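Take a look at the letters that make up each chain.
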Amino acid sequence: METAKPRTTALKVPLSTYRIVQIILAVIFAGYLIWRIYQVFFVEAVYGPDTWMRFTIAGLILGGVYSLIAIGYTLVYGILFMINFAHGEVMMIGAFGGYFTFEALRAIPASTATNPDTNFLNAHPTISVILAFLIGMSLSSTSGFFLEKIAYRPLRGAPRLVPLISAIGASIFLQNAAQLLFGAQRRDYANPDALARGIGFEIPVGEGIVVLTYTGVLTFVLSIVIMIVLYFLVQRTRLGRSMRAVAENKPVAALMGIDVDQVISRTFIISGALAGAGGVMWGIHLGLVFFFVGFIPGIKAFTAAVLGGIGNIPGAMLGGMFLGIVESIGPAILGLNFQLKDVIAFAILVLVLIFRPTGIMGEVLTEEKI
Amino acid sequence: MAFLEVHDVHTYYGNIHALKGISLTVERGEIVTLIGGNGAGKTTTLRTICGLLKPRRGKVILDGEDLADFKTHQIVYKGVAMVPEGRGVFARLTVEENLDLGAYSRNDRATYASDLERVFGLFPRLKERRKQVAGTLSGGEQQMLAIGRALMAHPRILLLDEPSMGLAPILVEGIFDTIKDINREGTTILLVEQNALMALSIASRGYVLQTGQIVLQDSAENLQANEMVQKAYLGIE
């Protein structure tokens, strides 16, 4: 009864005025971009290879974090066809989880062979970082789980705009709750000394030296590892198969014996864990945590998810990486102030929505998903 | 007591009174068919039995147990499998993943391999295409997959919703032969069909539905001979 009957559509869609305007705009934009690239590399040549490398590395690191958060948007969208706008706040909770883990471990006295009077954080940096990630991820998972139970599940049958508004409400609620609990001040993420920000491998490139920070390496490598684990989870496990089945057709998934509500809960738990990892990385690498810290990366990751094709997991991974790099080399290429990088990210969101709303890897939206 | 008993069921879509007191029984080992035109309530009856729709009034009793308080996935664990209308294969999953999901409700992986062989025995085409994404299969192959997937659950009762829909006549015969084979192996079958001729040829009993009510019930032979059935559903003047 609900199965989508194939719609008969005209085979040839005539070029509408809208489409022509789109194409003209795209050509103008592409031309400008090529001209700028030519200018920057061959005429102005302000930046040496070391600077470009710095931009790219920064972009990849940031991209890894965006990807992790973007996957959360995409997983939830794939299953519920709603944008979980509170996802950035779930990440913020994870960032706080890591922050307080570090603070607590710093308060525990410990002694090592070289330094008899130190604390647990600096004596055992590896364990500390692992603990920070575990606690951050589990807090985010828990909040994702309750977010779905409280804010979305009661609205399961409602029109699609309703859970979206509930998501925005949940986002505002979580921000304010965090502000109430932890205060409004920006806090310094106090990493273990071995993982202090700014230090790292020094690679000579051209005339300069590029510092590949330890925090950056940790962030990038860990985000790739988590994405690989997630890919196997979705493709190879029973839970992954049931998630894909629920994403495709809920009544039929139930007819297989799959508890659809449980799968939805678990999806929120998984996407929460990814956001939590992203939050801890954000704190460790960029060093700041406060109640509003999830908002911008949340929207950026949403952009990344749309860019890759919302609902598509590899798309979210690619979209995140792409956005990270574009954001970091974009201002240089366009000759803009570097503080305008957010503008570039959101301009991309607008452009994608205008020119290719299904994203890079997105499939054509079927009727049931619209 | 009958294996499956549907007792005076009333089901609504919002305000639309779709089933107006359906009662039917299916005995163990039987093939029972529900025939009727579009919108008669055949699919609604099946969806009510497996819990996708909840009746506002009436009872569905499986093997002596009232199903009212169970959700669809729990009812599946009780031995009900349905081949939904329009097949409902997971188009983005491979044939093998689809079959694997069919066995989702079975905890014993021991019989998995032999179940898979049984399905591939019934439908050799699926074996050839096991690594293929289900969306790329032809309609007939998708129907085979949908039936095979339901069999992977080892159902005690198999609900089939319009297995002949959209298939070439030659394929329809093959599918119906397979349904008969499945029944002979001991699975009870409730078959919903618009193709009344085919359905009555393999069923032992049948019910005729019209606008949410059962208007006629009899053995398959008697229904085939019935003048009203002949006129309305068999195309015999």
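Everything quoted here is computed from the prediction, not taken from an experiment.

**Regarding the packing of aromatic side chains**
Each aromatic ring pair is described using two quantities: the centre-to-centre distance and the angle formed by the ring planes.
All names here are of chain A.
Okay, step 1: Per the counting criterion, the structure on display carries 24 aromatic pairs over all chains.
Okay, step 2: Where Phe292 meets Phe295, the ring centres are 4.9 Å apart and the plane angle is 15 degrees; that geometry is what we call stacked.
Okay, step 3: Residue class for Phe292 comes out partly exposed when judged on its relative accessible area of 33%.
Okay, step 4: It is Arg186 that lies over the ring of Phe290; its NZ or CZ is 4.2 Å from the centre.

**A look at helix H2 (residues 49–80) of chain A**
Residue and element names in this part refer to chain A.
Okay, step 1: Compared with the 46 Å implied by 1.5 Å per residue over 32 residues, the 45 Å span of H2 between its first and last C-alpha is a close match.
Okay, step 2: Across the 32 residues of H2, 26 count as buried, placing the element largely inside the fold.
Okay, step 3: Positive phi appears at Phe81, one or two residues downstream of H2, with a value of about 55 degrees.

**A closer look at the sheet that holds strand E2 (residues 16–26) of chain B**
Residue and element names in this part refer to chain B.
Okay, step 1: Here four strands make up an open sheet; going across it, the order is E2-E1-E4-E5 and the pairing antiparallel. Two strands in the sheet have a free side with no partner beyond their single neighbour: E2 and strand E5 (65–66).
Okay, step 2: Examined bridge by bridge, strand E4 (residues 57–62) and E5 share two bridges and lie antiparallel to one another. Following the sheet pairing, Leu62 is matched in E5 by Glu65.
Okay, step 3: In the packing of helix H1 (residues 42–49) onto the sheet, contacts are made with strand E1 (4–13), E2 and E4, and the angle to E1 comes to roughly 110 degrees.

**Here we look at the environment of Ile209 of chain A**
Residues and elements named next belong to chain A.
Okay, step 1: Relative to the elements of secondary structure, Ile209 occurs in strand E5 (residues 208–213).
Okay, step 2: For Ile209, a relative accessible area of 46% translates into the label partly exposed.
Okay, step 3: Once the C-alpha coordinates of Ile209 and Gly287 are considered, the two residues, 78 residues apart in sequence, prove to be 23 Å apart.

**Description of helix H4 (residues 112–122) of chain B**
All names here are of chain B.
Okay, step 1: Every buried residue of H4 is accounted for by Tyr112, Asp115, Leu116, Val119, Phe120 and Leu122. Viewed end-on, H4 has its buried residues packed into an arc of 160 degrees, placing them on one side of the element.
Okay, step 2: Against helix H3 (95–102), helix H5 (124–128), helix H6 (139–151) and helix H7 (169–184) lie the buried residues of H4.

**Section: the pattern of salt bridges**
Residues and elements named next belong to chain A.
Okay, step 1: Applying the stated criterion across every chain, the model contains 25 salt bridges over all chains.
Okay, step 2: Here Arg156 ties to Asp261 by a salt bridge, and the two come within 2.9 Å at their closest N and O atoms. With Arg156 in the loop between helix H5 (125–152) and helix H6 (161–182) and Asp261 in helix H10 (residues 260–286), this residue pair connects regions lying 105 residues apart in the sequence.
Okay, step 3: Given a relative accessible area of 22%, Asp261 falls into the partly exposed group.

**Examining the interface of chain A and chain B**
Okay, step 1: At the junction of the two partners, chain A supplies 24 residues and chain B supplies 27 residues.
Okay, step 2: Across the chain A/chain B interface, buried area totals approximately 2400 Å², and carbon plus sulfur atoms make up 57% of it.
Okay, step 3: Ionic pairing is found between Asp261 of chain A and Lys71 of chain B, a salt bridge with its closest N-O pair at 3.4 Å.
Okay, step 4: Our count for the chain A to chain B interface comes out at seven residue pairs in polar contact (both at pLDDT 80 or more).
Okay, step 5: Among the elements of the structure, helix H8 (238–248) and helix H9 (250–255) of chain A are those that each provide at least two residues to the side of chain A that touches chain B.
Okay, step 6: Counting residues per element, the side of chain A that touches chain B draws most heavily on H8 of chain A, at seven residues.

**A look at the environment of Leu191 of chain B**
Residues and elements named next belong to chain B.
Okay, step 1: The topology assignment puts Leu191 in strand E8 (residues 188–193).
Okay, step 2: The spacing of Leu191 and Asn222 is 31 residues in sequence and 18 Å in space, taken between C-alpha atoms.
Okay, step 3: Ignoring sequence-local partners within four residues, the contact set of Leu191 consists of Val32, Thr33, Leu34, Leu160, Pro163, Phe176, Ile179, Ala199 and Ile202.

**Re the sheet that holds strand E3 (residues 31–36) of chain B**
Residue and element names in this part refer to chain B.
Okay, step 1: One open sheet accounts for six strands, arranged E6-E7-E8-E3-E9-E10; its pairing is mixed. Strand pairing shows two members of the sheet lacking a second neighbour, strand E6 (80–83) and strand E10 (213–219), which therefore form its edges. In this sheet, neighbouring strand axes are inclined to one another by 15 degrees on average, regardless of whether the strands run parallel or antiparallel.
Okay, step 2: When E3 meets E8, the two strands line up parallel, connected through five bridges. Counted as the bridge partner of Ile31 is Ile189 from E8.
Okay, step 3: Contacts from H7 reach E3, strand E7 (157–161) and E8 within the one sheet, and its direction differs from that of E8 by about 155 degrees.

**Here we look at a nonpolar patch on the surface**
Residue and element names in this part refer to chain A.
Okay, step 1: Together, Phe29, Tyr32, Leu33, Trp35, Ile37, Tyr38, Phe41, Phe42 and Val43 make up an exposed nonpolar region whose accessible area comes to about 910 Å².
Okay, step 2: Assignment of secondary structure puts Phe29 in helix H1 (residues 17–44).
Okay, step 3: The class of Phe29 is partly exposed, set by a relative accessible area of 42%.

**A short note on the pairing of E6 of chain B**
Residues and elements named next belong to chain B.
Okay, step 1: Of the two faces of E6, the one holding Val80 and Met82 and the one holding Ala81 and Val83 are both buried throughout.
Okay, step 2: Sheet analysis places E6 next to E7, joined by four bridges and oriented parallel. Residue Ala81 lies in a different strand from E7, and its bridge partner there is Leu158.

**What to know about the nonpolar core**
Okay, step 1: Judged by nonpolar contacts, the single largest core of 116 residues is most densely connected at Ile71, Leu230 and Ile258 of chain A together with Leu159 and Leu190 of chain B.
Okay, step 2: Of all the elements, H2 of chain A adds the most residues to this core, at 13 residues.
Okay, step 3: When sequence neighbours within four positions are dropped, the list of residues in contact with Ile71 of chain A reads Met227, Leu230, Leu274, Ile313, Ala316 and Met317 of chain A.
Okay, step 4: Counting residues in each nonpolar core, the second largest holds 45 residues, with Leu145, Leu151, Val208 and Leu223 of chain B among its members.

**Side note on the side chain of Thr11 of chain B**
Residues and elements named next belong to chain B.
Okay, step 1: Relative to the elements of secondary structure, Thr11 occurs in strand E1.
Okay, step 2: Since its relative accessible area comes to 0%, Thr11 is described here as buried.
Okay, step 3: Within polar-contact distance, the side chain of Thr11 engages the side chain of Thr48 at 3.1 Å.
Okay, step 4: Beyond its immediate sequence surroundings of up to four residues, Thr11 is in contact with Ile16, His17, Ala18, Leu19, Thr44, Thr48, Leu53, Lys54 and Pro55.

**Section: the packing of helix H3 (residues 87–106) of chain A against H6 of chain A**
Residues and elements named next belong to chain A.
Okay, step 1: As a packed pair, H3 and H6 sit with axes 9 Å apart at the nearest point and diverge in direction by 20 degrees. In terms of their interaxial angle, H3 and H6 are classed as roughly parallel. Counting all contacts with H3, which are made through Glu89, Met92, Ile93, Phe96 and Phe100, the residues of H6 involved are Ser171, Leu174, Gln175, Ala178 and Phe182.
Okay, step 2: Of the residues that constitute the contact of H3 with H6, the class distribution is seven nonpolar, two polar and one charged.

The rules behind each value
- Residues numbered from 1 in each chain as written.
- Chains lettered and ligands numbered in written order.
- Predicted model: local features only at pLDDT ≥ 70, side-chain atom pairs only at ≥ 80, totals over all residues.
- Heavy atoms only, no water.
- Phe/Tyr/Trp six-rings, centres within 6.5 Å; stacked < 30°, edge-to-face > 60°.
- Buried < 20%, exposed > 50% of the residue type's maximum accessible area, 1.4 Å probe, protein only.
- Lys NZ or Arg CZ within 6 Å of the ring centre and 35° of its normal.
- Helix = DSSP H or I, 4+ residues; strand = E, 2+ residues; numbered from the N terminus.
- Expected span 1.5 Å × (residues − 1).
- Pairing = 2+ DSSP bridges.
- Contact = heavy atoms within 4.5 Å.
- Axes fitted to C-alpha atoms, helices over the stretch in contact; angles between N-to-C directions.
- Arc of directions from axis to C-beta.
- Salt bridge = Lys/Arg side-chain N within 4 Å of Asp/Glu carboxyl O.
- Buried area = accessible area lost by both parts, 1.4 Å probe.
- Polar contact = N/O pair within 3.5 Å; in protein donor to acceptor, adjacent residues only side chain to side chain.
- Patch = residues over 30% accessible without salt bridge, like charges linked within 9 Å, V, L, I, M, F, W, Y side chains within 5 Å.
- Areas by Shrake-Rupley, 256 points an atom, 1.4 Å probe, with all protein chains shown as cover.
- Core = buried A, V, L, I, M, F, W, Y, C linked by side-chain atoms within 4.5 Å.
- Parallel < 35°, antiparallel > 145°, perpendicular 65-115°, else oblique.
- Nonpolar A, V, L, I, M, F, W, Y, C, P; charged D, E, K, R; others polar.

Everything listed is a geometric property; what it means functionally is a separate question.
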